[in-house]
Amino acid sequence: ECPGTGSAQAGRAAACQGCPNQGLCAAGAAGPDPAEAAELRARLRAVRHTVLVLSGKGGVGKSTFSALLAHGLAADETKQVALLDIDICGPSIPKIMGLEGEQVHQSGSGWSPVYVEENLGVMSVGFLLSSPDDAVIWRGPKKNGLIKQFLRDVDWGEVDYLIVDTPPGTSDEHLSIVQYLSATHIDGAVIVTTPQEVSLQDVRKEINFCRKVKLPIIGVVENMSGFVCPKCKNESQIFPPTTGGAEKMCQNMNVSLLGKVPLDPQIGKSCDRGQSFLAEAPESPATLSYRSIIQRIQEYCEQHHFQEEKIM
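Given the structure is predicted, the values throughout are model-derived calculations rather than measurements.

(A) Inspection of the nonpolar core at higher detail. Among the nonpolar cores identified, the biggest contains 86 residues, and L52, F65 and I297 are the most heavily contacted of them. Take this core: its biggest share by element is seven residues, from helix α3 (residues 62-74). Once residues lying within four places of it in the same chain are set aside, the contact partners of L52 are V164, I177, V178, L181, I186, G188, A189, V190 and L215.

Written out as structure tokens, the structure reads:
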């Protein structure tokens, strides 16, 4: 059993032997040092809500969900939204957001995000590459350093929602973002899955990871949940929920199911064009599902913020 990154035995217990993150935990990386923590707090003090988007497995639509969550929140022009892509080796957010070819600019107050709209800024390692086809071949410490730089050096300004798109799994990037943000606050994590057992088994690991590092779980989204033919209206299960799907898993693991998003071919087309599916197909069943999920996330964040204020 992993003792957890906050434990005095982190990286030193018998269960830690062979873990790829053993050195990181043993070195006391369960949180930034006091000076670093103060620096991160100063930079992120104007961020009201922070939501991590996680997945156990790749290819379940996590980055698409992150992008549409950001678009959905930014539909309210009174809200300022930031989308941070920490998928260092597979940064797809620039493509999905229609920002391929954009570059990061330096100002007196730090790196400037790339803006999709006046109230929606984006930061990704993809903006630092000379070509979208460049491979990022980095070891853990360099990845961790860039994540810290994104949090410390990007001038996000006043932000209502910071959405963090993470890579699949439970590795260096996930430990780093949780540890660095522990200097400030995280509202919680949204975990994206598809209905079949091969995806759910990795989501169970993701849920246990969140519990080990004391990261609140906002809920689970079941993506690609059935497909309704636009012509005959017959529904097909492209990814059959052989073990009961996300709904059964959420009941067993005592987490919330935020909603199910059906397959819609238009989602992939919109992503390839760098357009918001929510705007391009406002009446689609998938859009209606997204809007319901986004509303539930907003309600959770507001309640979480209210509870924090009461404690303070």
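(B) Broad picture of the packing of helix α2 (residues 34-44) against helix α5 (residues 140-153). Between α2 and α5, the least distance of the axes is 8 Å, while the angle of their chain directions is 50°. Judged on the interaxial angle alone, α5 and α2 are oblique. For the pair α2 and α5, the contacting residues are E36, E39, L40, R43 and L44 in the first and K148, L151, R152 and D153 in the second. Classifying every residue of the contact of α2 with α5 gives three nonpolar, no polar and six charged.

(C) View of the side chain of T64. With respect to the helices, strands and loops of the structure, T64 is situated in helix α3. Note on T64: relative accessible area 16%, which makes it buried.

(D) Geometry of the pattern of salt bridges. Going through the model one piece at a time under the given rule, you end up with eleven salt bridges. E173 serves as the salt-bridge partner of K143, at 3.3 Å between the closest nitrogen and oxygen. Of the two residues, K143 sits in helix α5 while E173 sits in helix α6 (residues 172-181), which places them 30 residues apart along the sequence. This pair shows no difference in class: K143 is buried, exactly as E173 is. Of the charged contacts in the structure, one is a salt bridge between E247 and K260, with a shortest N-O distance of 3.2 Å. Placement of the pair is E247 in helix α8 (residues 245-253) and K260 in strand β12 (residues 257-260), with a sequence separation of 13 residues. By relative accessible area, E247 is classed as partly exposed at 38%.

(E) Fine view of the packing of α5 against α6. It is at 10 Å that the axes of α5 and α6 come closest, and there the two elements cross at 35°. Considering only the axes of α5 and α6, their crossing is right-handed. The segment α5 lies against α6, with G140, K143, N144, I147, K148 and L151 engaging D172, E173, S176, I177, Y180 and L181. Its residues assigned to classes, the contact of α5 with α6 comprises five nonpolar, three polar and four charged.

(F) Expanded view of the sheet that holds strand β7 (residues 159-165). Spatial ordering of the open sheet is given by β5-β6-β2-β7-β1-β8-β9-β12, a layout of eight strands whose pairing is mixed. Looking at strand neighbours, the two that pair on one side only are β5 (114-117) and β12, the edges of this open sheet. In this sheet, adjacent strand axes meet at a mean angle of 20° when their direction is disregarded. Both strand β1 (residues 47-55) and β7 contribute to a ladder of six bridges, which runs parallel. Counted as the bridge partner of L52 is V164 from β7. Against the sheet, α3 touches β1, β2 (81-85), β5, β6 (120-124), β7, β8 (188-193) and β9 (217-222), its axis set at about 170° to β7.

(G) Looking closely at the packing of aromatic side chains. Tallied over the entire structure, the rule returns two aromatic pairs. Ring centres of F65 and Y290 lie 5.9 Å apart, and the angle between their planes is 25°; this geometry places the pair in the stacked category. In this pair, F65 sits in helix α3 while Y290 sits in helix α11 (residues 285-311), placing the two residues 225 residues apart along the sequence. In this structure, F65 and Y290 share a single accessibility class: buried. Both rings, one in W111 and one in F150, keep their centres 5.9 Å apart while their planes meet at 65°; by these two values the pair is edge-to-face. Within this pair, whereas W111 is found in strand β4 (residues 110-112), its partner F150 is found in helix α5, the two being separated by 39 residues in sequence. Here W111 matches F150 in class, with each residue buried.

The rules we used
- Residues numbered from 1 in each chain as written.
- Predicted model: local features only at pLDDT ≥ 70, side-chain atom pairs only at ≥ 80, totals over all residues.
- Heavy atoms only, no water.
- Core = buried A, V, L, I, M, F, W, Y, C linked by side-chain atoms within 4.5 Å.
- Buried < 20%, exposed > 50% of the residue type's maximum accessible area, 1.4 Å probe, protein only.
- Helix = DSSP H or I, 4+ residues; strand = E, 2+ residues; numbered from the N terminus.
- Contact = heavy atoms within 4.5 Å.
- Axes fitted to C-alpha atoms, helices over the stretch in contact; angles between N-to-C directions.
- Parallel < 35°, antiparallel > 145°, perpendicular 65-115°, else oblique.
- Nonpolar A, V, L, I, M, F, W, Y, C, P; charged D, E, K, R; others polar.
- Salt bridge = Lys/Arg side-chain N within 4 Å of Asp/Glu carboxyl O.
- Left-handed = near helix turned anticlockwise from the far one by under 90°.
- Pairing = 2+ DSSP bridges.
- Phe/Tyr/Trp six-rings, centres within 6.5 Å; stacked < 30°, edge-to-face > 60°.

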